[in-house]
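Overview (structure and organization)
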Amino acid sequence: MKTRSTSLRVRLPVFVFIIEVVIVALYAAFVTYDDHADAKFQTNQTNPLDNAVYRDYPFFTDIQVMIFLGFGCLLAFFRLYGFGGMVFNFLTATFAIQWAILVQGYFQFSHDGKIHLGVINLINAEFACAVVLISFGAVLGKTSPLQLLVMALLEVPVFAVTEWAVLKYLKINDAGGSILIHLFACYFGLGVTFVLYRPRLNEGHAKENTSYQSDILSVMGTLFLWVFWPSFNSALTLKGDDQHRAILHTFIGLSASTLTAFALSAMLNKNGKLTMADVQNVTLAGGVTVGASVDMMISPAAAYALGMMGCTACMLGYKYLSPFLAQHLRIQDQCGIHNLHGLTGLISCAAGICAILMASEEVYGPSLYEIFAHRAPVEGDPKLLELQRLIPSLQPGLGRTAREQALFQVAAIFSTIGASALGGILTGFVLKLSYLAPPSDDSCFDDDLFFDVPPDYDSPLNKSITTEDSAA
């Protein structure tokens, strides 16, 4: 059988240069500065310290570290695929952010025919980028850089439309992105890997293993993500006590999941030893499970319990669910994103719904209607005027009850999963095109296919550790 060429010499430059010309043209036609970045709006009455850059830039830099160092190192756990894990993450992330500035900008930051660009746009674009990188984890080592760029090209618009529709029409609370980031990314990635199913890989692959050095590099990525996750969960919350709670809950949830991960790793290992794949992934589960309720008054104890629950679900998913999905449902989830983002995301959503149902003025005071803005009284309601005397900035809401808001959260969960899975399946069919240079089964998990590698890159080690699951 004739072997298909995987050379990138023509294909990658053609794709990149065409995309860059299109992006430059769209930026020139539609992108301008927002009020905080436009010199025309600065006068001698302007206080530079009131500029949004001082409020938003610290969160932007923290999320940058997560995107480029956290994800990059985390995905470099394969012994012969360190270049691919880190470099393809770098390439895909850079493109996804550029593209998301345009696509998200059209839906969220566009008025007067222009997309108004500020640091807050970059933060939102990085969240869209995180969605793509999580999905990338499902197909790590089995795709070409061209396939990954096309996946980002298609996934960002599907995400942006889903995000816009859910926020505009369902009007949900999702401060930590459990629904719109973690669940969307997970089921989009599973849709892609379902279509790109490789039956031979179920029997194992000679290069699907780690080394001492690659595991150390990957756990460094875990540490970057762990340290900066509170910024990720709190970046878009209301400033003040909401953001303060988000930071506290995220740290507590991560701490709980880390301790639980070490205990379960030793308990579930037949030799009673710790497994690096567990340390690299399961320790992060608490950051996801607190996401949907991260800014709510759930109590520190609840955040701790959520961290433990998420970690347990994630660990059991890696051990039992991932092999089942691969063997029986044609879903080869390479990095176990269904465990770290899907199962934990669903637990987070359930916790968020419970928190919404229990929220009352007795617990929150009048700020209940700031956190749950759609429960605020409608325009003309006498209660709104009474609340505005206490909180002058309070805007009219939809007058929803707690039960109504909870039902909209449920609707958002199902609609997001449906849209992302369908988008992933359709994207998977596009990625099967031979022009996109998909690697053969034998060439998976190997940098030699797409990189000039040093002579010693595949030098034998005394001991290599085969992993059933890996990072996402």
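A few points on the structure. (Residues numbered from 1 in each chain as written. Predicted model: local features only at pLDDT ≥ 70, side-chain atom pairs only at ≥ 80, totals over all residues. Heavy atoms only, no water.)

Describing the overall build of the protein chain
When helices and strands are counted, the protein chain shows 16 helices and five strands. For the protein chain, the C-alpha radius of gyration of 23 Å lies close to 23 Å, the compact-globule estimate for 472 residues. Projected onto its principal axes, the C-alpha positions of the protein chain cover 75 × 55 × 40 Å. Here the protein chain, with 472 residues, has 54% of them falling under the buried criterion. The long-range fraction of contacts in the protein chain, counting pairs at least 24 apart against all pairs at least 6 apart in sequence, stands at 80%. Just so you have it, the protein chain exposes about 21000 Å², and 65% of that area is on carbon and sulfur atoms. Taken together, the 27 basic and 37 acidic charged side chains of the protein chain have centroids lying 7 Å from each other. (Helix = DSSP H or I, 4+ residues; strand = E, 2+ residues; numbered from the N terminus. Rg over C-alpha atoms; globule rule 2.2 N^0.38 Å. Buried < 20%, exposed > 50% of the residue type's maximum accessible area, 1.4 Å probe, protein only. Contact = heavy atoms within 4.5 Å. Areas by Shrake-Rupley, 256 points an atom, 1.4 Å probe, with all protein chains shown as cover. Lys, Arg positive; Asp, Glu negative; His and termini not counted. Charge placed at Lys NZ, Arg CZ, Asp CG, Glu CD.)

Focus: the nonpolar core
I67, F136, L140, W229 and F232 are the most contacted members of the largest nonpolar core, which has 102 residues in total. Of all the elements, helix α4 (residues 119-136) adds the most residues to this core, at twelve residues. Contact partners of F232, with chain neighbours within four places excluded, come to I63, M66, F127, A130, G176, I181 and H182. Membership of the second largest hydrophobic core comes to 22 residues, among which are A359, Y364, F372 and L394. (Core = buried A, V, L, I, M, F, W, Y, C linked by side-chain atoms within 4.5 Å.)

Digging into helix α3 (residues 82-108)
Look at α3: 36 Å from first C-alpha to last across 27 residues, which is about the 39 Å you get at 1.5 Å a residue. Of all the bends in α3, the greatest, near 30°, is centred on A100. (Expected span 1.5 Å × (residues − 1). Bend = angle between axes of the 7 residues up to and from the residue.)

Digging into a negative patch on the surface
Where like charges cluster on the molecular surface, the negative patch consists of D448, D452, D456 and D458. One can find D456 in the loop between α16 (402-431) and β5 (465-466). (Patch = residues over 30% accessible without salt bridge, like charges linked within 9 Å, V, L, I, M, F, W, Y side chains within 5 Å. Salt bridge = Lys/Arg side-chain N within 4 Å of Asp/Glu carboxyl O.)

Considering the pairing of strand β3 (residues 114-117)
Both strand β1 (residues 31-33) and β3 contribute to a ladder of three bridges, which runs parallel. Within β3, the residue paired with T32 across the bridge is H116. By the bridge criterion, two bridges tie strand β2 (residues 110-111) to β3 in an arrangement that is antiparallel. In the strand pairing of β3, H111 is matched with K114. If you look at the hairpin formed by β2 and β3, you'll find two residues sitting between the two strands, and D112 has a positive phi there, around 55°. (Pairing = 2+ DSSP bridges.)

What about unusual backbone geometry?
Even without a glycine there, the phi angle at D112 is positive, about 55°. Tracing the sequence through the fold places D112 in the loop between β2 and β3. Phi angles above zero are rare outside glycine, and S299 is one such case at about 90°. Looking at where S299 falls in the secondary structure, it is placed in the loop between α10 (285-289) and α11 (300-328).

Considerations on the packing of α3 against helix α5 (residues 145-170)
It is the contact of α3 with α5, at a shortest axis distance of 9 Å, that shows an interaxial angle of 30°. One way to sum up the angle between α3 and α5 is to call them roughly parallel. Note on packing geometry: the crossing formed by α3 with α5 is right-handed. For the pair formed by α3 and α5, the contact residues are F88, L91, T92, F95, A96, W99, A100, V103, Q104, F107 and Q108 on the first element and P145, L148, L149, A152, L153, V156, P157, F159, A160, V161, E163 and W164 on the second. (Axes fitted to C-alpha atoms, helices over the stretch in contact; angles between N-to-C directions. Parallel < 35°, antiparallel > 145°, perpendicular 65-115°, else oblique. Left-handed = near helix turned anticlockwise from the far one by under 90°.)

Topic: the environment of L325
Its place among the elements puts L325 in helix α11. The exposure class assigned to L325 is buried, which follows from its relative accessible area of 10%. Put simply, L325 and H338 are 13 residues apart on the chain and 9.9 Å apart in space, counted from C-alpha to C-alpha. Each residue touching L325, except ones within four places of it in the same chain, is listed here: R330, I331 and H338.

Examining the pattern of salt bridges
The final tally for this structure, using the stated rule, is seven salt bridges. Through salt bridges with shared partners, a single network forms among D241, D242 and R245.

Things to note about the sheet that holds β3
Reading across the sheet, the three strands line up as β1-β3-β2 and stay open at both edges, with mixed pairing between neighbours. Here the strands that pair on one side only, and so sit at the sheet edges, are β1 and β2. Lying on the sheet, α3 is in contact with β1, β2 and β3; it crosses β3 at an angle near 105°.

A few points about a nonpolar patch on the surface
Together, V10, V14, I18, V22 and Y435 make up an exposed nonpolar region whose accessible area comes to about 450 Å². As for its position among the elements, I18 is in helix α1 (residues 11-30).

What to know about the packing of α11 against helix α12 (residues 337-358)
Relative orientation of the contacting elements α11 and α12 amounts to 135°, with a least axis distance of 8 Å. Viewed along their axes, α11 and α12 adopt a mutual orientation that is oblique. Considering the relative orientation of α11 and α12, their crossing is right-handed. Listed contacts from α12 to L306, M309, G310, A313, C314, G317, Y318, L321, S322 and L325 of α11 are H338, N339, L340, L343, T344, I347 and A351.

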